[in-house]
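Single-letter residue listing:
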Amino acid sequence: MVRRSVHIVHPLIRRRWAAALAAALVAAACSSTAPSPVGPFGAVVEIPPDRAAVQVSNGVVSVVIIEPGRRPGAITASRAAPGTNSGHLYSFDGNTGLEWNTFFYGTAASDVARVEIDRPGAVGGTVAAGTWLIVLRDKGVTPDDLHWRFLDASGVVIASGTGVFPPEA
């Protein structure tokens, strides 16, 4: 059950500007609790030539883009309790010039092995170190566009719903 729908959509933002803007927003929003984007990372998704990864630190889950030869940079962060199920959304909109435009990510309880959504072209979803990440090429994805399922190792659905959760405090 979704209690609140929150999404972020940025029109016409280039990758470098987006990373710089997001890093500033993350630092401002999370102050000293923001994770360092150098690891350790949980779930990692290959989005050639880069990688996207999730990390949790001090109750903050963040998505980090890892580009070859560059220091990893956080593009978004949300509050989340490790060991609980959560789902957060960051989606670019407009003429971004990016191949990968949407990041649905979060934390997972210990009995969750995989997170799936019912959108074609979704990449990722494997739980690692209590985190998960799904990346899409789609732009302007909203919480109502996301129908998700948390699965255990045998494929049994543990939880399902629509949108982002839990509500931000």
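Cut-offs applied
- Per chain, residue numbering runs from 1 following the sequence as it is written.
- Only residues with pLDDT of at least 70 are given local features in this predicted model, and only at 80 or more are side-chain atom pairs given and counted; all residues enter the totals for whole chains, interfaces and linings.
- Excluding hydrogens and water, the side-chain values take into account all heavy atoms of the structure.
- Each helix corresponds to a stretch of at least 4 residues labelled H or I by DSSP, and each strand to a stretch of at least 2 residues labelled E; elements are numbered beginning at the N terminus.
- Polar contact is defined as a pair of N or O atoms within 3.5 Å, subject to the rule that within protein one atom must be able to donate a hydrogen and the other to accept it, and that residues adjacent in sequence are counted only when both atoms are side-chain atoms.
- The contact criterion used throughout is that any non-hydrogen atoms of two residues lie within 4.5 Å.
- As used here, the term nonpolar core means buried Ala, Val, Leu, Ile, Met, Phe, Trp, Tyr and Cys residues forming a set that is joined through side-chain atoms within 4.5 Å.
- Between buried and exposed lies partly exposed: a residue is buried under 20% and exposed over 50% of the maximum accessible area for its type, with that area taken using a 1.4 Å probe on protein chains only.
- Any Lys or Arg side-chain nitrogen located within 4 Å of an Asp or Glu carboxyl oxygen qualifies as a salt bridge.
- By this definition, two strands are paired if DSSP reports at least two bridges between them.
- Lines fitted to C-alpha atoms define the axes, with helix axes restricted to the stretch in contact, and inter-axis angles between N-to-C directions lie between 0 and 180 degrees.

This brings us to the side chain of Thr107. Its location among the elements puts Thr107 in strand 7 (residues 102–107). One polar contact links Thr107 to Ser86, side chain to side chain, over a distance of 2.7 Å. Once residues within four sequence positions are removed from consideration, Thr107 is found in contact with Val56, Val61, Ala80, Ala81, Thr84, Asn85, Ser86, Gly130, Thr131, Trp132 and Phe150.

To continue, consider the environment of Pro68. Along the chain, the position of Pro68 falls in the loop between strand 4 (60–66) and strand 5 (73–79). C-alpha of Pro68 to C-alpha of Asp50: the two residues are 18 residues apart in sequence and 6.6 Å apart in space. Those residues in contact with Pro68 that lie beyond four places of it in its chain are Pro49 and Asp50.

To continue, consider the nonpolar core. Ile47, Ala52, Phe103, Leu133 and Val135 are the most contacted members of the largest nonpolar core, which totals 18 residues. At three residues, strand 4 tops the list of elements feeding residues into this core. Once you skip the residues sitting within four places of it in the chain, Val135 turns out to touch Val45, Ile47, Ala52, Trp100, Thr102, Phe103, Gly121, Ala122 and Val123. Among the nonpolar cores identified, the runner-up in size contains 17 residues, and Val112, Trp132, Leu136 and Val141 belong to it.

Another point: the pattern of salt bridges. Evaluation of the coordinates by the stated rule reveals five salt bridges. Notably, a salt bridge pairs Arg137 with Glu99, separated by 2.6 Å at the nearest N-O pair. Here Arg137, found in the loop between strand 10 (131–136) and strand 11 (147–151), pairs with Glu99, found in the loop between strand 6 (88–93) and strand 7; they are 38 residues apart in sequence, far enough to count as distant. What makes Arg137 partly exposed here is its relative accessible area of 44%. Note on Glu99: relative accessible area 41%, which makes it partly exposed.

As defined by bridge partners, strand 2 (residues 44–47) adjoins strand 3 (residues 50–57) across four bridges and the pair is classed as antiparallel. Residue pairing in the sheet places Ile47 in a bridge with Asp50 of strand 3. The pairing of strand 3 with strand 4 spans seven bridges and is antiparallel. The partner of Ala53 across the bridge, within strand 4, is Val64. Turn length for the strand 3-strand 4 hairpin, with the two strands adjacent in sequence and antiparallel, is two residues, and the turn residue Asn58 shows positive phi of about 50°.

What follows covers the sheet that holds strand 2. With antiparallel pairing, the four strands of this open sheet are ordered in space as 2-3-4-5. The sheet is open, and its two borders are formed by strand 2 and strand 5, each paired with just one other strand. If you compare each strand with its neighbour and ignore which way they point, the axes differ by 20° on average.

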